[in-house]
Amino acid sequence: MANKKKPDGRSPIGVFDSGIGGLTVARSLFEFLPNENIIYVGDTARLPYGTKSKETVISYSVEIAKFLLNKNVKMIIVACNTASSVALHRLRQITKVPVIGVIKPGCKAAIAATNNYKIGVIGTLGTVQSYSYKTQIHKYDRNIDVRSKACSLFVQLAEDGWTDNKIAKMIAKEYLADLKESGIDTLILGCTHYPVMSGTIADVMGKRVKLIDSGKETAKEVKRILDRLNLLNPQRSPGKHKFFVTDFQKKFKEISERFLGQAIHDVKKIRLS
């Protein structure tokens, strides 16, 4: 699929997720690349992707990518673990702009961080059952012991703002007990909602376990790629940020302020075809 004109440094970066979680990736982009223009799409009408078939997730991802390419983005970030694990190859077939997911950067950072070759991964059931993190880690090093745990309730706690109360701590202790017992020294937050819970997760796991925020690692990777391709935005002023959703603008705005750490004003509802 051809873009109308070739994107340049001033073109926006496109980011998409099945909903709200990808905003933690956007937050890291704001932090590491403050001058970049960013367009975020949350497919809030069709979430969650984790329960959908591979073919459906690919089809949704292609629709969103086409919407972003029409906005002349210079890069697409798939800020959704499910879509990152199944749709990257197809998206790279329809465009020449770089397409990156959140799984590979998180895995590379975890491998660099571990000393005892024991890495834990927490994510939604869909992500854990896809073995996408384990597969990616073993592409680099087969000797690493990867332990995974689905922590589905963390998503709801993050969206409700219940991230560091008694209930959050109780649920985190229950979920993470086996991983703590297993002696991992590095834990990948394999769901974009989880950085909002990182304080509670860190308390439960203790100081010896390093937490890897895939969103932060993805933002660093984006900066490296844009720099290499000479596509960093040359402007000195702060970048403009636009947000699009497929449903629930009001709820999106409420929750997004918690995830982004700032108020957002420009949220438009769109229909994807």
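Here the structure is shown first, and the text comes after it.
Here we summarise the structure given alongside this text. Residue indices begin from 1 for each chain and proceed along its sequence in written order. Only residues with pLDDT of 70 or above have their local features reported here, since the model is predicted, and side-chain atom pairs are shown and tallied only from 80 upward, although totals for entire chains, interfaces and linings are computed over all residues. Side-chain metrics rest on all non-hydrogen atoms present in the structure, leaving aside hydrogens and water.

**So, the overall build of the chain**
- For the chain, the helix and strand inventory stands at 12 helices and 10 strands.
- Using C-alpha atoms as the atom set, the radius of gyration is obtained and then compared with a globule rule of 2.2 Å times the number of residues to the power 0.38. Taken over the C-alpha trace, the chain has a radius of gyration of 18 Å; the compact-globule value for 273 residues is 19 Å, and the two agree within 12%.
- For the chain, the spread of C-alpha atoms along the three principal axes comes to 55 × 40 × 40 Å.
- Burial classification: accessible surface area is computed with a 1.4 Å probe over protein chains only, and a residue below 20% of its type maximum counts as buried, one above 50% as exposed, and the rest as partly exposed. Out of the 273 residues belonging to the chain, those deemed buried represent 56%.
- In what follows, residue pairs with any heavy atoms lying within 4.5 Å of each other are defined as contacts. The long-range share in the chain, meaning contacts at least 24 apart out of those at least 6 apart in sequence, stands at 77%.
- The Shrake-Rupley method, run with a 1.4 Å probe, gives the accessible areas here. Residue values count only the displayed protein chains as cover. Carbon together with sulfur atoms contributes 50% to the accessible area of the chain, which is approximately 13100 Å² in total. Runs of E in the DSSP output that reach at least two residues are strands. Runs of H or I that reach at least four are helices, and both are numbered from the N terminus.

**So, the pairing of strand S3 (residues 75-78)**
- Judged by which residues are buried, S3 turns out to be covered on both faces: Met75 and Ile77 on one side and Ile76 and Val78 on the other are all buried.
- At least two DSSP bridges between two strands are needed for those strands to be called paired. Bridging between strand S1 (residues 13-17) and S3 involves 4 bridges; their strand directions are parallel. Paired with phenylalanine 16 across the two strands is valine 78, which belongs to S3.
- For S3 and strand S4 (residues 99-101), the ladder comprises 3 bridges, and the chain directions are parallel. Bridge pairing in S4 places isoleucine 76 opposite valine 99.

**Observations regarding the environment of phenylalanine 259**
- On the secondary structure map, phenylalanine 259 appears in helix H12 (residues 249-260).
- Residue classification places phenylalanine 259 among the buried residues on the basis of a relative accessible area of 1%.
- Among all residues touching phenylalanine 259, those that are not within four sequence positions of it are Ile20, Gly21, Leu23, Thr24, Arg27, Ala158, Glu159, His193 and Val196.

**Comments concerning H12**
- Helix span, as expected, comes to 1.5 Å for every residue beyond the first. The end-to-end C-alpha distance of H12, which contains 12 residues, comes to 15 Å, matching closely the 16 Å that a straight helix rising 1.5 Å per residue would cover.
- Every buried residue belonging to H12 is among Phe252, Ile255, Ser256, Phe259 and Leu260, and all of these are buried. All buried residues of H12 lie within an arc of 130° about the axis, which places them on one face of the element.
- Each element contacted by the buried residues of H12 is listed here: helix H1 (23-32), strand S2 (38-42), helix H8 (153-160), strand S9 (241-245) and strand S10 (267-269).
- A positive phi of about 75° marks glycine 261, the residue just after H12. Our arc is simply the arc of the directions from the helix axis toward the C-beta atoms.

**Describing the pattern of salt bridges**
- Each salt bridge in this description consists of a side-chain nitrogen of Lys or Arg and a carboxyl oxygen of Asp or Glu lying within 4 Å of one another. Under the counting rule described, the total for this entry stands at 8 salt bridges.
- Salt-bridge contacts for aspartate 145 lead to arginine 147; the nearest nitrogen and oxygen are separated by 3.1 Å.
- Assessed through its relative accessible area of 25%, aspartate 145 is described here as partly exposed.
- On the basis of relative accessible area, arginine 147 is assigned to the partly exposed category, the value being 36%.
- Where salt bridges share partners, they join Asp43, Arg46 and Glu63 into one cluster.

**Some points on the nonpolar core**
- Counting 51 residues, the largest nonpolar core has Ile122, Phe154, Leu176 and Ile201 as its most contacted members.
- A total of 6 residues in this core trace back to one element, the largest contributor, which is helix H9 (residues 166-181).
- Setting aside residues no more than four positions away along its own chain, isoleucine 201 makes contact with Ile122, Phe154, Leu176, Leu187, Leu189, Tyr194 and Leu211. The nonpolar core is taken to be a set of buried Ala, Val, Leu, Ile, Met, Phe, Trp, Tyr and Cys residues, with the residues joined through side-chain atoms within 4.5 Å.

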